[in-house]
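Architecture at a glance
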Amino acid sequence: MLQALAHMVRVTNARAPVGDAGQSGTLAPWQLRRAMDFMRAHLSGNISLEQLASLCDLSVSYFARGFKNGTGVPPHRWIVEMRLEKAKDLLLNTKMPLAEVAAACGFADQCHLTRKFRRATGETPAAWRRERTIDGPLSDME
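Residues numbered from 1 in each chain as written. Predicted model: local features only at pLDDT ≥ 70, side-chain atom pairs only at ≥ 80, totals over all residues. Heavy atoms only, no water.

1. Concerning the packing of aromatic side chains
Just so we agree on the cut-off: Planes of paired rings set the category: under 30 degrees apart is stacked, over 60 is edge-to-face and the rest tilted, where pairs are Phe, Tyr or Trp rings (Trp by its six-membered ring) whose centres lie within 6.5 Å. Comment: elements are numbered from the N terminus, with helices defined as DSSP H or I runs of at least four residues and strands as E runs of at least two. Any residue under 20% of the maximum accessible area for its type is buried, any over 50% is exposed, and the rest in between are partly exposed; the area is computed with a 1.4 Å probe on protein chains only.
For the structure on display, the rule yields 3 aromatic pairs. Ring geometry for Phe-117 against Trp-128: centres 5.6 Å apart, planes inclined by 80°, an arrangement best described as edge-to-face. One end of the pair, Phe-117, is in helix α7 (residues 110-121); the other, Trp-128, is in helix α8 (residues 125-132), and 11 residues separate them in sequence. For the pair Phe-117 and Trp-128, a shared accessibility class is recorded, and that class is buried.

2. Comments concerning the pattern of salt bridges
Rule in force here: We define a salt bridge as a contact between a side-chain nitrogen of Lys or Arg and a carboxyl oxygen of Asp or Glu at a distance within 4 Å.
Across all of its chains, the model carries 4 salt bridges by this definition. Here Lys-88 and Glu-85 are joined by a salt bridge, their closest N and O atoms 3.8 Å apart. Of the two residues, Lys-88 and Glu-85 both sit in helix α5 (residues 75-93), 3 residues apart, roughly one turn of that helix. Given the relative accessible area of 44%, Glu-85 is considered partly exposed. Between Glu-131 and Arg-132 there is a salt bridge, and its shortest N-O distance comes to 3.8 Å. Linked through salt bridges whose partners overlap, the residues forming this network are Glu-123, Glu-131 and Arg-132.

3. With respect to unusual backbone geometry
Despite not being glycine, Asp-57 has its phi angle at roughly 60°, a positive value. Relative to the helices and strands, Asp-57 is located in the loop between α3 (49-55) and α4 (60-71). The class for Asp-57 is exposed, based on a relative accessible area of 59%.

4. A closer look at the layout of surface pockets
We count it as follows: Here a cavity is any set of points on a 1 Å grid over the protein atoms alone where a 1.4 Å probe fits but cannot get out, and a pocket is any open set with protein on both sides within 12 Å along at least 5 of 7 lines; a residue lines the site when it has an atom within 4 Å of a point. Grid points are joined across faces, edges and corners, and a volume is the space filled by probe spheres set on the points. Throughout this entry, Asp, Glu, Lys and Arg are counted as charged residues, while Ala, Val, Leu, Ile, Met, Phe, Trp, Tyr, Cys and Pro are counted as nonpolar. The remaining residues, Gly among them, count as polar.
For the largest pocket, the calculated volume is near 150 Å³. As for the largest pocket, its lining consists of His-76, Arg-77, Val-80, Glu-81, Leu-84, Lys-116, Arg-119 and Ala-120. Counting only elements with at least two residues in the lining of the largest pocket, the list comes to α5 and α7. Examining the composition of the lining of the largest pocket, we find that 5 residues originate from one element, α5, more than from any other. Here the residues of the lining of the largest pocket sort into 3 nonpolar, 1 polar and 4 charged.

In structure tokens, the structure reads:
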């Protein structure tokens, strides 16, 4: 009787985790798409791993691991990169002050935007904007 019970416990614990479906630790395409769409739609707000995992019906740890395996970057880094892309778009296409750009992109403040932006591009947002707008610095020929 004890051997049968021990065998049942081993078999039960050996099952694949929910959502695995034979994949190598990645999210299903619909899960990845749903998470990315949600993140894009809510860039200016706080997005938690719990929210994202819940959208995909997964545990937080499985979601985080699957997202990284599927995209090559953790969810937080993906969000920061999308926020920086949005900031670049706003810097080029609007005359919004940097503090407003930071808020619109989900950064805590202008300093947070500047730190992340400089780390990604090597320039501050203001310098990046000046070099790429029509009203930027004059070239050597002018």
